[in-house]
Number of protein chains: 2
Amino acid sequence: MSVIDIHNHVVPEGFPAASSSCCDKWPSMKLRPDGKSVAMFGTKEFRVLDDRCWDVGRRTADMDKEHVDVQALSPMPELLSYWMDVEDALSVGRHVNGLISDMIAKAPKRFVGLGMVPLQDPERAAKELSVLHSSGLSGVEIGSNINGKPPGDPFFDPFYAEVERLGMAVFVHALHPVGVDRVVGPARLVTYLNFPVDTGFAAASMITGRTLEKFPKLRVAFSHGGGTLATILPRLAMGWNGSAELQKTFAEPTGIARRFYYDNLVYDIELMRHLLKVFGRSQIFVGTDYPFDARQAFPVEFIDRLSLEKADADRILGGNAAAFLNLPAAG
Amino acid sequence: MSVIDIHNHVVPEGFPAASSSCCDKWPSMKLRPDGKSVAMFGTKEFRVLDDRCWDVGRRTADMDKEHVDVQALSPMPELLSYWMDVEDALSVGRHVNGLISDMIAKAPKRFVGLGMVPLQDPERAAKELSVLHSSGLSGVEIGSNINGKPPGDPFFDPFYAEVERLGMAVFVHALHPVGVDRVVGPARLVTYLNFPVDTGFAAASMITGRTLEKFPKLRVAFSHGGGTLATILPRLAMGWNGSAELQKTFAEPTGIARRFYYDNLVYDIELMRHLLKVFGRSQIFVGTDYPFDARQAFPVEFIDRLSLEKADADRILGGNAAAFLNLPAAG
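Source: prediction; values computed, not measured.

### Some words on the overall build of chain A
Along chain A, the regular secondary structure elements total 12 helices and 11 strands. In summary, chain A has a C-alpha radius of gyration of 19 Å against a globular reference of 20 Å for 331 residues, a match within 12%. Here chain A, with 331 residues, has 63% of them falling under the buried criterion. As presented, chain A carries roughly 11900 Å² of accessible surface, and 51% of it is formed by carbon and sulfur atoms.

Set out below in structure tokens:
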């Protein structure tokens, strides 16, 4: 069984010049005097990066070291550009999707792709999906919110309809999270405290918003083990069980949650065990966050610690991801 | 061993007239034509209630039926009045604390009290604590945020200093939660989806804000099993382990989390099992939400389902709550 990592990111080594219409958020790459590359948005330094973000040789060498056979490449989420004019976001997206396609072309047995679309305009995003599909990408990464709107909002239905029609996959990743004013301490805490919350709200919105009821063949996955969803779900189920209004509005939430996929990027073996109980052994797969700081490397060793039967371990390491991506059964 | 329920609420049967200075949020009780009592805030109907909220005989009869020996009475959280002028909030608080004292006086073996203070003014709240303490209340209920400010903000330090000095307990309850714009569906979903999130942020803020480091004898409990904290904590711990900046700012988060208390109001036996692993068997106690809709009645039967050793079950049913409230060991 191949080991498939669904949660890892790419950044192009460079970007086209900003369009004349754009905006103080256009991405670029700056080479600092200390020799480090820095991803910039407008004039703001966002993150120090290195060639692991774009270099196929460097990346596959690390994959070999860490026993990962296949990565599903997705954009660094800050590139998703929902806050730009649609045409500008399309330009950024095509550049990033192009990098993903190039990397796949260089190592087609090691990479598959989750691209990006300008979801601030769901109709335009739906149209762009055909471009991604015909260039061989398996799906799209989307934000846990789109300019504050949760992905379960019916506003996005035209996009999901087309995703379902094309048989593509949707990977929901934490982005610009809610509740920053609830954090006491250094700014970096937002990454640790608020990302899981926004992902949990995103998943809940796709339950209460009936996304899988409307698009039953859709395959949707959530980053970071679904974030806070596992602690919210029992209370939502309790509320649903006691409310005719909620029962009329959406289907039983626990059952829907067990149709979503989740990565295992939770940094804790007890939480991983709990998620397997809550969501099921067919719904969780590997995510490493390669090559960023909040990594969980060596997925085989992590899953070994669960002492599962081999068939279950194989599903978590690769089989579930293959089902999510609709790949031929990995051998 | 007595069974002690830490999470349940009271509402007075009536309220004094609004002060001339107040405001469209003053509480009152309306008797509707259909014979039901409705708690009003200003002209807005908030919740249909009945005499279980204030009647000692009715309440103790239900406790007998549900095998609860002692309730720690706390205000319905909407009464906390942080959004009022301090003097108005003090008036409401004294009226509500008076009900709690009266109920304790009528059945001193069945009730203890968690009162309320105007925490929008921490110095004034600290001063008011002496009144609660001398009237025999064991602690205070506070909101998971105070007008948007998380309880771990150093703004509240004068209050915690006095709580610690008096040896009182702090019960943090979800209130006016963050992320309402992330919800798709009926308004009542906010109670199910956002309450746990706000409680999780509150607990995290008291870790990153060093509340227990500054006030080491403070005893703090969180409603709803700490809400989303259990799914956030491993990621926070991962971030802390990798960051010298965070290590300089606050102590190792998992260790601090295991010094807080949590109720067991999570509606799911697997989540309860997980919380016992995360927080420890000495830190979780019974909460029922009596007499409101989101109830978890029959605590003994719920804990029985865990098949714990008797000593552990007894701690969860009463011993841990006695430690939190600083009661003489219940017999």
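### Points about the nonpolar core
Counting residues in hydrophobic clusters, the biggest one holds 202 residues, and the most contacted among them are A:Phe159 and B:Phe159. Apart from residues no more than four positions distant in its own chain, A:Phe159 is found in contact with A:Val117, A:Leu119, A:Pro122, A:Ala125, A:Ala126, A:Leu129, A:Val140 and A:Ile142.

### Some words on the interface of chain A and chain B
Facing the 54 residues of chain A at the interface are 54 residues of chain B. Counting the surface chain A buries against chain B, the share from its top three residues, A:Arg182, A:Val184 and A:Arg235, is 19%. For the pair chain A and chain B, the number of links is 6 salt bridges. A salt bridge links A:Glu270 to B:Lys277; its shortest N-O distance comes to 3.5 Å. The tally of links between chain A and chain B comes to 17 residue pairs in polar contact (both at pLDDT 80 or more). Where the side of chain A that touches chain B is concerned, the elements lending two or more residues are helix H5 (189–208), helix H7 (229–241), helix H8 (244–249) and helix H10 (269–279) of chain A. Sort the elements by how many residues they give to the side of chain A that touches chain B and H5(A) lands first, with 13 residues. Taken together, the residues of the side of chain A that touches chain B break down into 26 nonpolar, 18 polar and 10 charged.

### Topic: the relation of the copies chain A and chain B
Note: a rotation about an axis with an accompanying shift along it relates these two copies of the chain. Taken as rigid bodies, chain A and chain B are interconverted by a rotation of 180 degrees and an axial shift of 0.0 Å, the fit giving an RMSD of 0.0 Å. The transformation relating the two chain copies, once decomposed into turn and shift, fits a two-fold axis. Residue A:Thr228, judged by its C-alpha, is the member of chain A lying nearest the rotation axis, at 2.8 Å. In this assembly, 100% of the residues forming the interface of chain A have copies in chain B that are likewise at the interface, indicating an isologous arrangement.

### Description of the pattern of salt bridges
Note on pairing: side chains with opposite charge can pair once their charged atoms come close. This structure, assessed with the given rule, holds 41 salt bridges over all chains. Ionic contacts of the salt-bridge type, sharing partners, join the residues A:Lys30, A:Arg32, A:Asp34 and A:Glu45 into one network.

### Quick word on the packing of H7(A) against H10(A)
Residues and elements named next belong to chain A. Remark: H7 packs on H10, axes separated minimally by 11 Å, with the N-to-C direction vectors making an angle of 40 degrees. As summarised for this structure, H7 and H10 are arranged oblique, according to the angle between their axes. At the point where H7 passes H10, the crossing takes the left-handed sense. Here Leu229, Ala230 and Leu233 of H7 come into contact with H10, specifically with Leu275, Val278 and Phe279.

### Regarding the state of the cysteines
Residue and element names in this part refer to chain A. Across all of its chains, the model carries 2 disulfides over all chains by this definition. Through a disulfide, Cys22 is tied to Cys23; the S-S separation comes to 1.8 Å. Cys23 gets classed as partly exposed once you look at its relative accessible area, which sits at 38%.

### A few points about the pairing of strand S2 (residues 27–31) of chain A
Residue and element names in this part refer to chain A. Here S2 pairs with strand S3 (residues 37–41) via 5 bridges, running antiparallel. Note that in S3 the partner of Lys30 across the bridge is Val38. Between S2 and S3, which pair antiparallel in sequence order, lie 5 residues; one of them, Gly35, sits at a positive phi of approximately 85 degrees.

### Some remarks on the sheet that holds strand S2 (residues 27–31) of chain B
All names here are of chain B. With antiparallel pairing, the 3 strands of this open sheet are ordered in space as S2-S3-S4. Looking at the sheet topology across the chains shown, the edges are occupied by S2 and strand S4 (44–49). Averaged over all neighbouring strand pairs, the angle between strand axes comes to 30 degrees, with direction disregarded. By the bridge criterion, 5 bridges tie strand S3 (residues 37–41) to S4 in an arrangement that is antiparallel. In the strand pairing of S4, Met40 is matched with Glu45.

### A short note on the environment of B:Glu213
Residues and elements named next belong to chain B. Of note, Glu213 is situated in helix H6 (residues 211–214). Glu213 sits in the partly exposed class, given a relative accessible area of 30%. Between the C-alpha atom of Glu213 and that of Phe250, which follows or precedes it by 37 residues, the distance is 8.1 Å. Those residues in contact with Glu213 that sit more than four places away from it in its chain are Ile207, Phe250, Ala251 and Ile256.

How each quantity is defined
Residues numbered from 1 in each chain as written. Chains lettered and ligands numbered in written order. Predicted model: local features only at pLDDT ≥ 70, side-chain atom pairs only at ≥ 80, totals over all residues. Heavy atoms only, no water. Helix = DSSP H or I, 4+ residues; strand = E, 2+ residues; numbered from the N terminus. Rg over C-alpha atoms; globule rule 2.2 N^0.38 Å. Buried < 20%, exposed > 50% of the residue type's maximum accessible area, 1.4 Å probe, protein only. Areas by Shrake-Rupley, 256 points an atom, 1.4 Å probe, with all protein chains shown as cover. Core = buried A, V, L, I, M, F, W, Y, C linked by side-chain atoms within 4.5 Å. Contact = heavy atoms within 4.5 Å. Buried area = accessible area lost by both parts, 1.4 Å probe. Salt bridge = Lys/Arg side-chain N within 4 Å of Asp/Glu carboxyl O. Polar contact = N/O pair within 3.5 Å; in protein donor to acceptor, adjacent residues only side chain to side chain. Nonpolar A, V, L, I, M, F, W, Y, C, P; charged D, E, K, R; others polar. Least-squares fit on C-alpha atoms with pLDDT ≥ 70 in both. Axes fitted to C-alpha atoms, helices over the stretch in contact; angles between N-to-C directions. Parallel < 35°, antiparallel > 145°, perpendicular 65-115°, else oblique. Left-handed = near helix turned anticlockwise from the far one by under 90°. Disulfide = S-S within 2.5 Å. Pairing = 2+ DSSP bridges.

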